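# Summary of structural features
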Amino acid sequence: MLINTKHFGKIDLDEDKIITFENGILGFEDYKKYTLLYDDEDGERPDISWLQSLDEPMLALPVISPFLVKPDYNPEVEDELLKPLGSLSEDNIVVLISITVPSDIEKITANLRAPFIMNSDSRKGAQIIIENPEYEVKYHFYNQLAAHKAVKEGK
Amino acid sequence: MLALSRKLNESIVIGNDIEVTILEVKGDQVKIGISAPKSVPIYRKEIYLQIKESNKEAVETNANEEVLMKLFKKH
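The residue numbers shown here count from 1 along each chain, following its written sequence. All chains are assigned letters beginning with A, and all ligands numbers beginning with 1, in the order in which they are written. Per-residue local features are limited, in this predicted model, to residues with pLDDT of at least 70; the limit for side-chain atom pairs, both in listing and counting, is 80 or more; totals at the level of whole chains, interfaces and linings are taken over all residues. Water and hydrogen atoms play no part in the side-chain values, which are based on all heavy atoms of the structure.

Turning our eyes to something else, we now look at the pairing of strand 4 (residues 33-37) of chain A. All names here are of chain A. Where strand 3 (residues 19-21) lies against strand 4, 2 bridges are found, and the strand directions are antiparallel. Residue pairing for strand 4: Ile19 is matched across the bridge by Tyr34. The criterion for strand pairing is that DSSP finds at least two bridges linking the strands in question. Under the DSSP-based scheme used, a helix requires at least four consecutive residues in state H or I and a strand at least two consecutive residues in state E, with every element numbered from the N terminus. Sheet topology note: the strand 4/strand 5 (residues 48-53) ladder contains 4 bridges and is antiparallel. Within the sheet, the bridge partner assigned to Leu36 lies in strand 5 and is Leu51.

Residues and elements named next belong to chain A. Put simply, a patch holds well-exposed residues, over 30% relative accessible area, that have no salt bridge, with like charges counted together within 9 Å and Val, Leu, Ile, Met, Phe, Trp or Tyr side chains within 5 Å. A 1.4 Å probe and the Shrake-Rupley method give the accessible areas. Residues count as covered only by the protein chains that appear here. Criterion for a salt bridge: a side-chain nitrogen of Lys or Arg within 4 Å of a carboxyl oxygen of Asp or Glu. Positive charges come from Lys and Arg alone, negative charges from Asp and Glu alone, with His and the N- and C-terminal ends not counted. We put the charge of a Lys on NZ, of an Arg on CZ, of an Asp on CG and of a Glu on CD. Together, Asp12, Asp14, Glu15 and Asp16 line one region of the surface with negative charge. Mapping Asp14 onto the fold places it in the loop between strand 2 (10-12) and strand 3. Take Asp14: its relative accessible area is 48%, and that puts it in the partly exposed class. For each residue, the accessible area found with a 1.4 Å probe, counting protein chains only, is set against the maximum for its type, and the residue is called buried under 20%, exposed over 50%, and partly exposed in between.

Relative to the helices and strands, Thr61 of chain B resides in the loop between helix 1 (45-59) and helix 2 (65-72). A distance of 2.6 Å separates a polar atom in the side chain of Thr61 of chain B from the backbone oxygen of Ala58 of chain B. Contact definition: two residues touch when any of their heavy atoms are within 4.5 Å. If we ignore the near neighbours within four places in the chain, the residues touching Thr61 of chain B are Lys6, Trp50, Pro62, Ile99, Thr100 and Val101 of chain A together with Leu68 of chain B. Pairs of N or O atoms are called polar contacts if they sit within 3.5 Å, as long as, within protein, a hydrogen donor faces a hydrogen acceptor (for residues adjacent in sequence, only side-chain-to-side-chain pairs).

So, about the pairing of strand 2 (residues 18-26) of chain B. All names here are of chain B. As paired strands, strand 1 (residues 11-14) and strand 2 are joined by 4 bridges and run antiparallel to one another. Within strand 2, the residue paired with Ile12 across the bridge is Val20. Counting the residues between successive antiparallel strands, the hairpin from strand 1 to strand 2 contains 3 residues, one of them, Gly15, with a positive phi of roughly 65 degrees. With 7 bridges joining them, strand 2 and strand 3 (residues 29-35) adopt antiparallel strand pairing. Following the sheet pairing, Thr21 is matched in strand 3 by Gly33. Here strand 2 folds back onto strand 3, and the loop between the two strands holds 2 residues, one of which, Gly27, carries a positive phi near 60 degrees.

Structure (structure tokens):
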């Protein structure tokens, strides 16, 4: 199916790439269908993807793996909230967090408190507010990521 | 908004399966017990609003794409 996207223009999307968020996401409860897009121009998948709404082209959230900025990320989630996603296992669970990017990139933050949890088999997802009070809604990680990259590039 | 007066240990029932009980009143703080099906998410409003706001900010990301892509590019 052809869809309009915020960052990639009009694309042809396979139906099996559609992820349904039955409760939508907070603040955008009316939009239920999403897909994950990323720029593979370099032939290598970057660490950032976009959770793109199929209903509203301008609705796209930048998302990253929580482990990129918090290697020991271990959210506590009420099992009952995940039940609608179907049976989750290490093989089918996908956990991503949104980032907000102010004009000063160094002030970039990640939302550790409300991850998007998806089941790649059932293709259902939900945004869950987790119990852990230590995980911030606005977690600053620029310095940490930049330092990590510098180490990698130095090798 | 419906306003109901309740005393300590009194409850209100919402629908068939949600019950809200006043557990403790201490100065300007009230402790509330909520019995609801586990599938009903219950949030402190401040957190709920923060997340909503954060989602909206994320959608507004218009950062210089190049800077952003550089930060997340794999090497």
